[in-house]
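Residues per chain are reported as follows:
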Amino acid sequence: MNDNLIVVILLLAISILAFIFYPEKGLLNKWRRIKANNEKILLEDALKHLFECEYNSTDCTLISISGFLSTSQGHSSKIIVKLEEMGLVKRIGTKIHLTPEGKSYALKIIRIHRLWEKHLADNTSIREEEWHILAELEEHKLTDDEVNRLAAKLGNPLKDPHGDPIPTENVEIPEQKGIELTDLKEGDIAKIYHIEDQPLEVFSKLTSLGLSPGMIIRLIEKNTTNIRIECEGEELNISPILSFNIQVVPIGDSEELIESRDTLSNIPVGEEAVIVGLSKSLRGQQRRRLLDFGIVPGTVIKARLKSLSGDPTAYEVRGTTVALRKNQSDKIFIKRKNLL
Amino acid sequence: MKIETIHDNSIIATANKLRWEVGDYFHDSLIESIYKEAEVISNKVVTTEGKKSQFDFDKFIDQIVTNKWTGFPIMFLLLASVFWITIIGANYPSGLIASVLVDTIHPFLKNLASSINIPWYINGVLIDGGYLAMAWVVSVMLPPMAIFFPMFTLLEDFGYLPRVAFNMDNIYRRVGAHGKQALTMTMGFGCNAAGVIAARIIDSPRERLIAIITNNFSLCNGRWPTQILIATIFIGNLVPPIYGGIASAAAVVSVALLGIFFSLVVSWSLSKTVLKGEASAFSLELPPYRPPRILQTLYTSLIDRTLFVLWRAIVFAIPAGIVIWLVANVNIQGISLAEYFIRFVDPFALFIGLNGVIILAYVIAIPANEIVIPTVLMLTVLVTGVTGVGSGSGVMFELNNIDDVSMLLKAGGWTTLTGINLMLFSLLHNPCSTTIFTIYKETKSWKWTLLATLLPIMMGITICLLVAQLWRIFT
């Protein structure tokens, strides 16, 4: 009886120990791997942050890094030391710079991130708000091979769904070319690329207005004495002298800036219109399907019939009748026939 | 060689650089220019004449069938008459086929087998098991499908069905599905396997999966007889005899409506949960009306749909018939396998308001819902030991007199609760094996096949349990 008990206890102890220490599948190993993984994620995120800073011509500090990684400054300085040992970053005074190896490593991560966002936008119905979160997880997982296959499947896209460029396989990314704020047209949307810090009075005036690189602005109105912009929901007035210190990068292709905001869903049954463009938010299969139907800029389209419940509506386009839901016709921009 | 490689790389590099200048939306411009070019060509070479009046005819019909006041009644009348013609029209040929296959050929084969001294068990397995199950499936399944599918296809060919999808889309959009699911669902009332195949008309991946997985909630042809029989016996009895017919008809219709309700609810929850990430793109073309090509329609609907489905059903029915005969005839210590199983599941089955006979019948009659009732009757005789009905253990049968069925079932311990729950369980249980196989063929995925199989049966058990508990509280 007692012997049996001892055997049982022994077996139990052995299996528990095996469970913890078993190579590869044991708990200890798993824990180590998770820790290594977390470490890897932090290192890669730090590189990414450093790259973003350089791309937007701002300086990275230990504070901004620990803010980005949401860890303590002690921990992030350890991370920087580690990156320095790996030859990926270089410290000059308080400033931290990427080495060429560090830059290409960072670009690799960004490439995965943006490709994955593109994939989610084109091939799934996952909502826009979730793309970034999911891509943040995926960017640390994919191997080079998987990434290249994904890129090929997506047709080697140039830009992610937010309009940011995707680094190529050889980790190249086009330089951001900034233009003067005054070169923007009214209504244009742009990202602040650089704020010149000389003369200092102008610079401090601009920063006191709350402007900093990376912010998205929209030009509302400009004349010789005043430039009015919208920035993070606030309207700001900037005198032209100050504005020479601000360099911006316009967002969105010029082809995307469709003048007409009249949509197909607005035309009543029986009326004709000419298509002027499809919204960028029509993506993947959705967009291809519409193009296949001949819903392309320049086509005449006529609202023919409403469903008995009011949605969808049938449209006549190039001799066929196609039913479109309101959430689709909302994204097709048109010009009315009588306004042409 | 080396120079060449460098050269290639520089070409690719140049191409890559140029791509940045072309932009990401060059596909759009490409298609746009193709259309422009095509338009120029067609304007040059195509002439049209006298097309106007034809077009107005289309417009006239469209305005009637999508009108707020006339659209629904027309749809309801058309679909209801299709069902009515199917049910009424299938009665006679079904009886005819049954009298040939079951009442004439079956005894003939039995006599033949005994005259040439084939051992009783081989004779039982092959003739009472395999052959009879096949004969049953053919006689009950063939006529309704041969009537329903051609009529449905004619409506499709005429151009009316896309208008139904057009009208119903609003409801289906709200539950994350496609208007065409109204059509696959209606098709499912004829046969779920055919409904699953019909989901091919939906080209958006997510909506197509939803249509496939929820098709089983359409009460198929094989389940209507069960519903009508059980409603007549257990629901019709609850009210005075004159209202019996109306009450049981109302009960059957409510079960069918409940099925539609479940298909919408399940569509909604699928599109919000497991199918959330699947790609989705709406498109629906409304073709012009045209006179249906009757002969071609008859041919395609009979060959492609009816015989195709029937063949799959037969392939599954024969082995199932053999299993049915075996579980009723293989005895261990004088008790058949069927009885062992029934005794084993009885506590659980009774707890959820069914009984072991029903559970076993649904397990072994998986090839076709049509043979559930014959199997239930045979098993009830086996378990209760009632004499004078049926033709031996393991041999499925049906009774012509509804009172006899009622007596037999009540002898088997059936109550009104059993009847109600059987009606619910008949609506909410796994699809027949033909449909499961078809789902796999269409989705090529075990995951979705498993989901489509297990989801309804879980719902069925849950709903039966709930009803049983409520029943016990209130009575």
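This brings us to the overall build of chain B. A count of helices and strands for chain B gives 19 helices and three strands. On the principal axes, the C-alpha backbone points of chain B span a range of 85 × 65 × 55 Å. For chain B, restricting intrachain contacts to residue pairs at least 6 apart in sequence, the fraction spanning at least 24 positions comes to 77%. Working note: accessible area of chain B is about 23200 Å², and carbon and sulfur atoms make up 70% of it. Put simply, chain B has 30 plus and 29 minus side-chain charges, and the middle of one group is 5 Å from the middle of the other.

Right, let's talk about the overall build of chain A for a bit. Along chain A, the regular secondary structure elements total eleven helices and 13 strands. Relative to the globule expectation of 20 Å for 340 residues, the C-alpha radius of gyration of chain A, 27 Å, shows a markedly less compact shape. Based on the C-alpha atoms only, the size of chain A along its principal axes is roughly 95 × 65 × 35 Å. For chain A, the proportion of its 340 residues judged to be buried stands at 42%. Across chain A, contacts joining residues at least 24 apart in sequence account for 60% of those joining residues at least 6 apart. Counting only carbon and sulfur atoms, one obtains 56% of the accessible surface of chain A, whose full area is about 18500 Å². Within chain A, one finds 45 positive and 50 negative side-chain charges whose respective centroids are separated by 5 Å.

On to helix α16 (residues 402-411) of chain B, then. Residue and element names in this part refer to chain B. What α16 keeps buried is the set Val405, Ser406, Leu408 and Leu409. All buried residues of α16 fall inside an arc of 165° around its axis, so they share one side. Across α16 from its buried face, at more than 90 degrees, point the exposed residues Asp403 and Met407. Tucked into the core, α16 has its buried residues touching α10 (224-235) and α15 (372-384).

Okay, the packing of aromatic side chains next. All names here are of chain B. Under the criterion given, the structure shown has 14 aromatic pairs over all chains. Residues Trp120 and Trp325 carry aromatic rings whose centres are separated by 5.9 Å and whose planes lie at 55° to one another, so their mutual orientation is tilted. Of the two residues, Trp120 sits in helix α5 (residues 120-158) while Trp325 sits in helix α12 (residues 294-329), which places them 205 residues apart along the sequence. Judged by relative accessible area, which is 56%, Trp120 ranks as exposed. What makes Trp325 buried here is its relative accessible area of 5%. Measuring from centroid to centroid gives 5.2 Å for Tyr362 and Phe425, while their planes differ by 85°, and the two rings are edge-to-face. Here Phe425 lies in helix α17 (residues 416-427) and Tyr362 lies in helix α14 (residues 356-364), a separation of 63 residues in the sequence.

To continue, consider the interface of chain B and chain A. Contact with chain B, which involves 44 residues of that partner, is made by 48 residues of chain A. Taken together, both faces of the contact between chain B and chain A bury some 4100 Å²; the carbon and sulfur share is 54%. Considering only the side of chain B, the residues that lose the most area to chain A are Trp20, Tyr25 and Phe282 of chain B, jointly responsible for 19% of the buried surface there. For the pair chain B and chain A, the interface holds seven salt bridges. When the shortest N-O distance is used, the salt bridge between Arg318 of chain A and Glu39 of chain B registers 3.1 Å. Across the chain B-chain A interface, the total number found is 18 residue pairs in polar contact (both at pLDDT 80 or more). Contributing elements (two or more residues each) for the side of chain B that touches chain A: α1 (2-22), α2 (26-45), α3 (52-65), α4 (71-115), α6 (161-174), α9 (205-214) and β1 (284-285) of chain B. The residue inventory of the side of chain B that touches chain A, partitioned by class, reads 15 nonpolar, twelve polar and 17 charged. Across two bridges, the pairing between strand β12 (residues 320-324) of chain A and β1 of chain B is antiparallel. Looking at the pairing, Val322 of chain A lines up with Glu285 of chain B of β1 of chain B.

Moving on, we get to the nonpolar core. Grouped together as the largest cluster of nonpolar side chains are 122 residues, with contacts concentrated most on Tyr172, Ile230, Leu379, Leu409, Trp414 and Met423 of chain B. Per-element tally for this core: the top contributor is α5 of chain B, with 14 residues. Sequence-distant contacts of Met423 of chain B, that is, excluding residues within four places in its chain, are made with Gln227, Ile230, Ala231, Ile235, Ala251, Val252 and Val255 of chain B. The next biggest cluster of nonpolar side chains, apart from the first, holds 23 residues, and it includes Leu69, Leu83, Ile96 and Ile173 of chain A.

Quick look at the sheet that holds strand β6 (residues 227-231) of chain A now. The strand order β3-β8-β4-β5-β6-β7 (chain A) describes an open sheet built from six strands, whose pairing is antiparallel. In this open sheet, the two edge strands, each paired with only one partner strand, are β3 (179-180) and β7 (234-238) of chain A.

Attention now moves to the pattern of salt bridges. Residue and element names in this part refer to chain A. A full pass over the atoms with the stated rule returns 30 salt bridges over all chains. The shortest N-O distance in the salt bridge between Asp330 and Lys326 comes to 3.2 Å. Of the residues examined, Lys326 reaches a relative accessible area of 45% and is grouped as partly exposed. Beyond isolated ion pairs, a larger network of salt bridges with shared partners links Asp45, Lys48, Glu136 and Glu139.

For the rest of this paragraph, the subject is the domain arrangement of chain A. Split into domains, chain A comes out as domain 1 (27-98), domain 2 (179-250) and domain 3 (264-339). Relative placement of domain 1 of chain A and domain 3 of chain A: their C-alpha centres are 49 Å apart.

Turning to the side chain of Arg206 of chain B, a few remarks are in order. With respect to the helices and strands, the residue Arg206 of chain B is situated in helix α9. Leave out the neighbours within four places in its chain, and Arg206 of chain B touches Ser125 of chain A together with Gly176, Ser271, Leu275, Lys276, Glu278, Ala279 and Ser280 of chain B.

Let us look at unusual backbone geometry. Among all residues except glycine, the phi angle is most often negative; among peptide bonds, the trans geometry is most common. Backbone torsion omega between Asp311 of chain A and Pro312 of chain A reads 0°, so that peptide bond is classified as cis. Tracing the backbone through its elements, the reader meets Pro312 of chain A in the loop between β10 (300-306) and β11 (313-317). Despite not being glycine, Asn117 of chain B shows a phi value in the positive range, around 60°. Mapped onto the elements of the fold, Asn117 of chain B is located in the loop between α4 and α5. According to the relative accessible area criterion, Asn117 of chain B is exposed, its value standing at 65%. Unlike most non-glycine residues, Lys444 of chain B shows phi in positive territory, near 55°. Mapping Lys444 of chain B onto the fold places it in the loop between α18 (433-443) and α19 (446-474).

Glancing now at the sheet that holds β1 of chain B. Spatially, β13(A)-β9(A)-β10(A)-β11(A)-β12(A)-β1(B) is the arrangement adopted by the six strands of the open sheet, whose pairing is antiparallel. Bordering the open sheet on either side are β13 (332-336) of chain A together with β1 of chain B, each of which pairs with just one other strand. Examined bridge by bridge, β11 of chain A and β12 of chain A share five bridges and lie antiparallel to one another. Bridge pairing in β12 of chain A links Ala314 of chain A to Ala323 of chain A.

Bringing the packing of α4 of chain B against α5 of chain B into the picture now. Residue and element names in this part refer to chain B. For the pair α4 and α5, interaxial distance at closest approach is 8 Å and the crossing angle is 160°. Classified by the interaxial angle, the pair formed by α4 and α5 is roughly antiparallel. Considering only the axes of α4 and α5, their crossing is right-handed. Taken together, the residues of the contact of α4 with α5 sort by class into 27 nonpolar, six polar and two charged.

Rules behind the numbers
- Residues numbered from 1 in each chain as written.
- Chains lettered and ligands numbered in written order.
- Predicted model: local features only at pLDDT ≥ 70, side-chain atom pairs only at ≥ 80, totals over all residues.
- Heavy atoms only, no water.
- Helix = DSSP H or I, 4+ residues; strand = E, 2+ residues; numbered from the N terminus.
- Contact = heavy atoms within 4.5 Å.
- Areas by Shrake-Rupley, 256 points an atom, 1.4 Å probe, with all protein chains shown as cover.
- Lys, Arg positive; Asp, Glu negative; His and termini not counted.
- Charge placed at Lys NZ, Arg CZ, Asp CG, Glu CD.
- Rg over C-alpha atoms; globule rule 2.2 N^0.38 Å.
- Buried < 20%, exposed > 50% of the residue type's maximum accessible area, 1.4 Å probe, protein only.
- Arc of directions from axis to C-beta.
- Phe/Tyr/Trp six-rings, centres within 6.5 Å; stacked < 30°, edge-to-face > 60°.
- Buried area = accessible area lost by both parts, 1.4 Å probe.
- Salt bridge = Lys/Arg side-chain N within 4 Å of Asp/Glu carboxyl O.
- Polar contact = N/O pair within 3.5 Å; in protein donor to acceptor, adjacent residues only side chain to side chain.
- Nonpolar A, V, L, I, M, F, W, Y, C, P; charged D, E, K, R; others polar.
- Pairing = 2+ DSSP bridges.
- Core = buried A, V, L, I, M, F, W, Y, C linked by side-chain atoms within 4.5 Å.
- Domains from an automatic or database assignment.
- Axes fitted to C-alpha atoms, helices over the stretch in contact; angles between N-to-C directions.
- Parallel < 35°, antiparallel > 145°, perpendicular 65-115°, else oblique.
- Left-handed = near helix turned anticlockwise from the far one by under 90°.

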